[in-house]
Amino acid sequence: MKTWKEILDHSERSWFNYAKFDSIIDSTFVTNLRKKLDMNQLLFANLIGVDQRTVEGWESRKEDCQGTASRLLYLLDQNPELIQELMAYEDVKTGKKVQEKIWKEIEE
């Protein structure tokens, strides 16, 4: 079993590996990814779970995309087929596809 020191030492090394995502996800990256996925800002925002104003902020350089969001965008850029996973999972309570809910919100 690892000691707390070993776990923390490993966590510190991992932090440096993760930090690179924040530095490569800039406004151009976000805009290019959204266009690569052929989405408007509203659909893109709904799909990744943020407000449209957040996407606007990332794309206009008013806000930095950091942390979990930058990691998600990096993964989507490297594996665009993952977008289908985000669009097609079913709501456990209702059994309906979330994709239908996203489209309904955007149409309204």
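Bear in mind the structure is a predicted one, so any value in this text is a computation, not a measurement. Counting from 1, residues in each chain are numbered in the order their sequence is written. Thresholds applied to this predicted model are a pLDDT of at least 70 for local features of residues and 80 or more for the giving and counting of side-chain atom pairs; totals over whole chains, interfaces and linings are not thresholded and use all residues. Only heavy atoms go into the side-chain values, all of them from the structure, while hydrogens and water stay out.

**A short note on the confidence of the model for the protein chain**
Point 1. In the predicted model, the protein chain carries a mean pLDDT of 80, and the fraction of residues at 70 or more is 69%.
Point 2. When mean pLDDT is compared element by element in the protein chain, helix α4 (residues 52–59) scores highest at 97, while helix α7 (residues 98–107) scores lowest at 52. Confidence per residue, as judged by the predictor, is encoded in pLDDT with a range of 0 to 100. Per the convention used, a helix needs a DSSP run of H or I reaching at least four residues, while a strand needs a run of E reaching at least two, with both numbered from the N terminus.

**Considering the packing of helix α2 (residues 27–36) against α4**
Point 1. Axis separation between α2 and α4 bottoms out at 7 Å; the angle between their running directions is 125°. Considered as vectors, α2 and α4 are oriented oblique to each other. When α2 is examined against α4, the residues Ser27, Val30, Thr31 and Arg34 are found in contact with a partner set consisting of Val55, Trp58 and Glu59. A fitted line through C-alpha atoms represents every axis, and for helices the fit uses only the stretch in contact; the resulting angles, taken between N-to-C directions, go from 0 to 180 degrees. Put simply, angles under 35 degrees are roughly parallel, angles over 145 are roughly antiparallel, angles from 65 to 115 are roughly perpendicular, and the rest are oblique. Pairs of residues are marked as contacts when any of their non-hydrogen atoms sit within 4.5 Å.

**Points about the pattern of salt bridges**
Point 1. Just to be clear on terms, a salt bridge is a Lys or Arg side-chain nitrogen sitting within 4 Å of an Asp or Glu carboxyl oxygen. Across all of its chains, the model carries 3 salt bridges by this definition.
Point 2. A salt bridge links Arg34 to Glu59; the nearest nitrogen and oxygen atoms lie 2.6 Å apart. Of this pair, Arg34 sits in helix α2 while Glu59 sits in helix α4, placing them 25 residues apart in sequence.
Point 3. We call a residue buried when its accessible area falls under 20% of the maximum for its residue type, exposed when it is over 50%, and partly exposed in between, using a 1.4 Å probe and counting protein chains only. Arg34 gets classed as buried once you look at its relative accessible area, which sits at 10%.
Point 4. Notably, a salt bridge pairs Arg53 with Asp51, separated by 3.0 Å at the nearest N-O pair.

**Observations regarding the packing of helix α3 (residues 41–48) against α4**
Point 1. Remark: α3 packs on α4, axes separated minimally by 8 Å, with the N-to-C direction vectors making an angle of 110°. Classified by the angle their axes make, α3 and α4 are roughly perpendicular. Handedness of the crossing formed by α3 with α4: right-handed. Here Gln41, Leu42, Phe44, Ala45 and Ile48 of α3 lie close against α4, whose contacting residues are Gln52, Val55, Glu56, Trp58 and Glu59.
Point 2. Under the grouping applied here, Gly and all other residues not named as nonpolar or charged are polar, the nonpolar ones being Ala, Val, Leu, Ile, Met, Phe, Trp, Tyr, Cys and Pro and the charged ones Asp, Glu, Lys and Arg. Residues that form the contact of α3 with α4 fall into these classes: 6 nonpolar, 2 polar and 2 charged. It is the rotation of the near helix from the far one that decides the hand of a crossing: anticlockwise by less than a right angle makes it left-handed, clockwise makes it right-handed.

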